[in-house]
Amino acid sequence: MVRKFIISAFIFLFVLKGEAQQHWSLDQLLEKAVEHYPATKQKEYVRSLGKENVKILGFNEYPQVSVTGQATYQSEVTKFSFTGIVSPKPDNYNIGLDLRYPLTEFDVLKSKKEIEEARTELGIQQLDIDLQKVKERVTALYGNILLQKENKKILLVRKSELETQTKKVASAVANGAVLKSNQLVLESEILSTEQKVADIDATLTALTQELSLLTGITIAADNDFVLPAADILQAEINRPEIKLFQSQIGLLTMQDKLLKKENRAKLYLFGQGFYGRPGYNFLNQSFRPYGIAGVGINWNINNSVTQKNKEKTNAINRQIVEQQQTTFELNLQTALLQKQTEINKYQFIISKDQEIVGKRKEILKVASSQLENGAITSTEYITELNAENSAELNLLFHQIQRVIARVQYNSLAGY
C-alpha cells in the first residue's frame, strides 16, 4: 500500500513538472516585451496629450470674451458754464464685456492643429525607436540562450560518454590490464566537464533573468526555447527611424506654410458693452449701459521681417534631417550587407561542419574500441572525444547562428 502511494506521488510530481515546463518562442517573448515596456503605455499618454492640445487650439474658433472694469478719479475735468449742461464728474466707473471674433484665423488654426497632430506622431515614432531597441535586445538574449543550451546538451553527452568509458577502464584497471592513470585522467575530465556545465547554468540564469525583466514574465533557465524559423528575409525596409525622419521633414514643411498664413493681415469682428459712466457721451453723467461694435484689421509688420529668417532656419533644419536620414540609411544598408554576408558564410560553414562531424564520429568509434582493448591511452581517447564534441558543437552553433543572423537581418529591416 505504501509502495503504491510512493509510486503515485512520483507520478504526480512528474506530471506536475511536465505541466509546469514552459515553451517560449521568440515571437511570444517579443510580444511580451513590447506589452511590458513602459514606452508602450506612454504612447497612450502622448496621444491623449496631443488630443488635449488640439482641443485647446479649438477654443480659438469661438469668440474671445473678456471681462473688463475700472474705477478712476481725475484730478481735473472739463467744466461748462452753460445753463442746462452738467460738467463731467471726476470719479468714473465702468464694467463690461469685450468680445472679439476672428474672421481670417480659421485656416491658421487648422494648420496649427495639423502641426500638433504631427508632433504627437513624432512622439509616438520616437517611442517606436525605443521599442525597436528592446526587440533587438530580446533577440540577442534569445539567441545567446539557444547557443548556451546547445552547448550544455553537448557537454552532458560528453559527460555521459566519459562516465561510460570510465566504468570500462575501471574494470580493466581492476583486472590489471590498464594503468590506473588512465582512469584518473577520465575522472578528471568528468570534473572539468561538470565545471563547464555549472558555468553555463549560471550564464543561463543571468540571461533568463534579464529576459524576465524585459518581458515582465517569469522565465526559468530550464524552460524550452524554440528555434525561430526565419525562412524569409524581408526585402523592404520598415525602420521607425526612417518614418521619424520623414515626419520631421513634413513638420518643417507645415511650419513654413503656417509662417506664410500668420504673416497675413487679420480681420475680425469686435464688440464692447459696458455699464457705468460717463460712457461715450461724457456729458451724460448717469449710470447706464453703452457699447460699440465693428470690424477691425490687424497686421503685424514685424512678422514680415522675421518670416524669412524663420524660413531659413526651417530650411537648415530640413537639410540636417535629410543628412541624418541619408547617414542612417547608409549605415543600415552596410549593416544589412554585413548580415547577409554572415548568413552566406554560415551556409557554407554548415555544409563543411556536417562532413567533419561524420568523419569525427567514425574516428571516435575506432578510438573507443581501441581504448577498450588497451591500444590507446585515455588521454589519446579524450583528444578524439574533444575533437568530435568540438565538431558537433561547431555544427550546432553555426546552425543556430545562421538562424539568429536571419532573425537579426529582419530585425534590422524593421520587422
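Residues numbered from 1 in each chain as written. Predicted model: local features only at pLDDT ≥ 70, side-chain atom pairs only at ≥ 80, totals over all residues. Heavy atoms only, no water.

Okay, the overall build of the chain next. A tally of helices and strands in the chain yields eight helices and six strands. When the elements of the chain are put in sequence order from the N terminus, they spell out α-β-α-α-β-β-α-α-β-α-β-β-α-α. For 415 residues, the compact-globule estimate of 2.2 N^0.38 gives 22 Å, and the C-alpha radius of gyration of the chain, at 41 Å, exceeds that figure by more than 25%. By principal-axis analysis of the C-alpha atoms, the chain measures approximately 150 × 60 × 35 Å. Taking as baseline every contact in the chain between residues at least 6 positions apart, the subset at least 24 positions apart corresponds to 81%. When the accessible surface of the chain is split by element, carbon and sulfur atoms take 57% of a total near 25300 Å². Charge separation in the chain, taken as the distance between the mean sites of 50 positive and 47 negative side-chain charges, equals 6 Å. (Helix = DSSP H or I, 4+ residues; strand = E, 2+ residues; numbered from the N terminus. Rg over C-alpha atoms; globule rule 2.2 N^0.38 Å. Contact = heavy atoms within 4.5 Å. Areas by Shrake-Rupley, 256 points an atom, 1.4 Å probe, with all protein chains shown as cover. Lys, Arg positive; Asp, Glu negative; His and termini not counted. Charge placed at Lys NZ, Arg CZ, Asp CG, Glu CD.)

A few words now on helix H2 (residues 26-36). The set of residues buried in H2 consists of Leu26, Leu29, Leu30 and Ala33. The buried side chains of H2 occupy one side of the element, clustering within an arc of 105° when seen end-on. With respect to the buried face of H2, the exposed residues turned more than 90 degrees away are Asp27 and Glu31. Of the surrounding secondary structure, the elements contacted by the buried residues of H2 are strand S1 (23-24), helix H4 (106-174), helix H5 (180-215), strand S4 (224-225) and helix H8 (378-412). (Buried < 20%, exposed > 50% of the residue type's maximum accessible area, 1.4 Å probe, protein only. Arc of directions from axis to C-beta.)

So, about the packing of helix H7 (residues 301-372) against H8. Put simply, H7 and H8 touch, their axes get as near as 7 Å, and they point 155° apart. As summarised for this structure, H7 and H8 are arranged roughly antiparallel, according to the angle between their axes. Crossing geometry of H7 relative to H8 is assigned as left-handed. In terms of residue class, the contact of H7 with H8 is built from 21 nonpolar, ten polar and ten charged. (Axes fitted to C-alpha atoms, helices over the stretch in contact; angles between N-to-C directions. Parallel < 35°, antiparallel > 145°, perpendicular 65-115°, else oblique. Left-handed = near helix turned anticlockwise from the far one by under 90°. Nonpolar A, V, L, I, M, F, W, Y, C, P; charged D, E, K, R; others polar.)

Under the definition given, this model contains eight aromatic pairs. Feature note: the residues Tyr93, Tyr275 and Phe287 constitute an aromatic cluster, connected by ring pairs. One cation-aromatic arrangement involves Arg100 over Tyr268; the distance from NZ or CZ to the ring centre is 4.1 Å. Its end group placed over the ring of Tyr346, Lys345 keeps NZ or CZ at 4.8 Å from the ring centre. (Phe/Tyr/Trp six-rings, centres within 6.5 Å; stacked < 30°, edge-to-face > 60°. Lys NZ or Arg CZ within 6 Å of the ring centre and 35° of its normal.)

With that out of the way, let us pick up the sheet that holds strand S5 (residues 266-277). Across the sheet, which stays open at both edges, the four strands sit in the order S2-S3-S5-S6 with antiparallel pairing between neighbours. The sheet is open, and its two borders are formed by strand S2 (64-73) and strand S6 (288-298), each paired with just one other strand. Across the sheet, the axes of successive neighbouring strands diverge by a mean angle of 20°, strand direction being ignored. Bridging between S5 and S6 involves eleven bridges; their strand directions are antiparallel. When the sheet's bridge partners are listed, Gly271 is paired in S6 with Ala293. (Pairing = 2+ DSSP bridges.)

Keep in mind these values describe shape, not function.
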